[in-house]
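What follows is each chain in one-letter form.
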Amino acid sequence: MRSYRLIAPAKINLLLEIIGDRPDGFHELVMVMQSVDLADEIELKHLGSGDRILLHCTHPQVPLGETNLAYRAAKLMQECFPGHGGVEITIQKNIPIGAGLAGGSTDGAAVLVGLDLMWNLGLAQDELHTLAAKLGSDMPFCVSGGTALALGRGEELSPLPDLDRLYAVLAKYQTLSVSTPWAYQTYRQQFGATYANDPTAQEERRRTGPSVGLLGAISHHDAASIGQALHNDLEKVVLNHHPQVGLLREKLVEQSTLGAMMSGSGPTVFALAATREEAQQIAASIQAELPDPDLEVWVTKFIAHGIHLAESDH
Ligand code: C5P
């Protein structure tokens, strides 16, 4: 069995609206997700006939056991498709962790896609999505990527027109990370009274909420309107708790002609740009305005796909 190298892109949220509670304890969401070309690289190697899973990662803070989504993805695949042997997984981590960029989920998605190839299973996209949804709410999106509307827990996906001409400058304080469960729990404590909890009220919320403007702007490829329609409910809790991130967001809003926002549960903030030159200019200005060695900045391009084989593996 040959080894495989996969590219696992990060995502940003152009929209994250919290609608209400779900019977399973999660939140009912409306999200618009976008893949960007900041990516981890995952190598998978066959490891004998047992069911051993060996995990290595270039980032010292990434856990290597059962809590790692790449490990859990390999274990789930062994349970669902037994007899294919062990696997050695090496993650070259380029996506920051605890960042709101789905770094852990995209690694897990890469393991699902990679083992499907390595074991010659021929799984359909829907089957990969179903497996991915068992491991994390945003993992199905990471499998197929691009631009998509995500409803329910985040696992009900509808593809949207590609926006792969746009750029995003990502900025994150290296030593700052946010726990996603903390962000959602804090939001529930503060805003739970405003939740729509029955199906009719939830549908009404979806029909009249901020996604309407954004979906229209995306279908018209109207970058200025996309920038104006960015929306993330979790900003209300994360920016309050981390004023440093609020300030970073303010500076990016000033620098970007299109708009800026926090991604997911943060603390990464992104600014949209129409060209690479504009993105590079925003990146340089933000580093000059906030000269802090802890601040990391990336110029990224929107891409129209999720997990894919590395060039040399085609
Ligand atoms: O599904 P995932 O494990 O990525 O979610 C991480 C956490 O985020 C959950 O444990 C939950 O606290 C919160 N969450 C939520 N509603 C969602 C998705 C995530 O409350 N739809």
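Going by the structure above, here's the rest.
Reading the values: rules and limits
- Residues numbered from 1 in each chain as written.
- Predicted model: local features only at pLDDT ≥ 70, side-chain atom pairs only at ≥ 80, totals over all residues.
- Heavy atoms only, no water.
- Pairing = 2+ DSSP bridges.
- Helix = DSSP H or I, 4+ residues; strand = E, 2+ residues; numbered from the N terminus.
- Axes fitted to C-alpha atoms, helices over the stretch in contact; angles between N-to-C directions.
- Core = buried A, V, L, I, M, F, W, Y, C linked by side-chain atoms within 4.5 Å.
- Buried < 20%, exposed > 50% of the residue type's maximum accessible area, 1.4 Å probe, protein only.
- Contact = heavy atoms within 4.5 Å.
- Parallel < 35°, antiparallel > 145°, perpendicular 65-115°, else oblique.
- Left-handed = near helix turned anticlockwise from the far one by under 90°.
- Nonpolar A, V, L, I, M, F, W, Y, C, P; charged D, E, K, R; others polar.
- 1 Å grid on protein atoms, 1.4 Å probe; cavity = no way out; pocket = protein on both sides within 12 Å on 5 of 7 lines; lining within 4 Å.
- Points joined across faces, edges and corners; volume = space filled by probe spheres on them.
- Salt bridge = Lys/Arg side-chain N within 4 Å of Asp/Glu carboxyl O.

Undergrad: Sorry if this is basic, but what is going on with the sheet that holds strand S7 (residues 167-173) here?
TA: To summarise the sheet geometry, strands pair through backbone hydrogen bonds and adopt either a parallel or an antiparallel arrangement. The four strands lie next to each other as S9-S10-S7-S11, forming an open sheet whose pairing is antiparallel. The sheet is open, and its two borders are formed by strand S9 (260-262) and strand S11 (295-301), each paired with just one other strand. Between one strand axis and the next, the sheet turns through 20 degrees on average, direction left out of account. In this sheet, S11 lies alongside S7 in antiparallel orientation, the contact comprising seven bridges.

Undergrad: Could you clarify how one ought to interpret the nonpolar core in this entry?
TA: It is characteristic of soluble globular proteins that their nonpolar side chains tend to be buried jointly. Within the largest apolar cluster, 38 residues are counted, with the highest numbers of intra-cluster contacts made by Leu44, Ile89, Val111, Leu112 and Leu115. The set of elements that each furnish at least two residues to this core consists of strand S1 (4-21), strand S2 (27-47), strand S3 (53-57), helix H1 (69-80), strand S4 (86-92), helix H2 (103-118), helix H3 (125-133) and helix H4 (139-144). Those residues within four positions of Ile89 in sequence are excluded, and the remaining contacts are Ile42, Glu43, Leu44, Ile53, Leu54, Leu55, His56, Ala70, Ala74 and Val111. With 37 residues, the next largest nonpolar core counts Val178, Ala283, Leu290 and Val297 among its residues.

Undergrad: Please clarify how the packing of H2 against H3 should be interpreted in this entry.
TA: Between two packed helices, the angle of one axis relative to the other and the distance separating the axes together describe the packing. Look at H2 against H3: their axes get within 10 Å of each other, and the N-to-C directions meet at 135 degrees. It follows that H2 is oblique to H3 by the angle criterion. For H2 against H3, the interelement crossing comes out right-handed. Here Leu112, Val113 and Asp116 of H2 come into contact with H3, specifically with Leu128, Leu131 and Ala132. Of the residues that constitute the contact of H2 with H3, the class distribution is five nonpolar, no polar and one charged.

Undergrad: Would you mind showing me how to read the layout of surface pockets here?
TA: Any space left empty among the atoms is revealed by the rolling of a water-sized probe across them. In this structure, the largest pocket occupies an estimated 1200 Å³ of space. Taken together, 44 residues make up the lining of the largest pocket; nearest its centre are Leu69, Ser105, Asp138, Thr180 and Pro181. Those elements that provide at least two residues to the lining of the largest pocket are S1, S2, H1, H2 and helix H5 (180-191). Here the lining of the largest pocket takes five residues from H5, the largest share from any one element.

Undergrad: Looking at this model, I keep getting lost on the pattern of salt bridges. Mind explaining?
TA: Opposite charge on two side chains lets them pair, provided their charged atoms get close. Counted by the stated rule, this structure contains 13 salt bridges. When the shortest N-O distance is used, the salt bridge between Arg206 and Glu28 registers 3.1 Å. With Arg206 in helix H6 (residues 199-208) and Glu28 in strand S2, this residue pair connects regions lying 178 residues apart in the sequence. Within the structure, one salt-bridge network assembled from shared partners comprises Arg22, Asp24, Glu28, Glu203 and Arg206.

Undergrad: What am I meant to see in empty space enclosed by the protein here?
TA: One pass over the structure, following the stated rule, counts one cavity of 30 Å³ or more. As a volume, the largest cavity reaches approximately 30 Å³. Lining the largest cavity we find Pro9, Ala10, Lys11, Ser35, Thr106, Phe141, Cys142, Gly145 and Gly306. Examining the composition of the lining of the largest cavity, we find that three residues originate from one element, S1, more than from any other. Here the residues of the lining of the largest cavity are counted per class, giving four nonpolar, four polar and one charged.

Undergrad: What is the right way to look at the packing of H1 against H2 in this model?
TA: Following both chains from N to C, one finds H1 and H2 inclined at 30 degrees, their axes separated by 7 Å at the closest point. Looking at the two axes, H1 sits roughly parallel to H2. Every pair of crossing elements has a handedness; the one defined by H1 and H2 is right-handed. Within the contact between the two elements, H1 uses Leu69, Ala70, Ala73, Ala74 and Met77 and H2 uses Gly104, Ser105, Asp107, Gly108, Val111, Leu112, Leu115 and Asp116.

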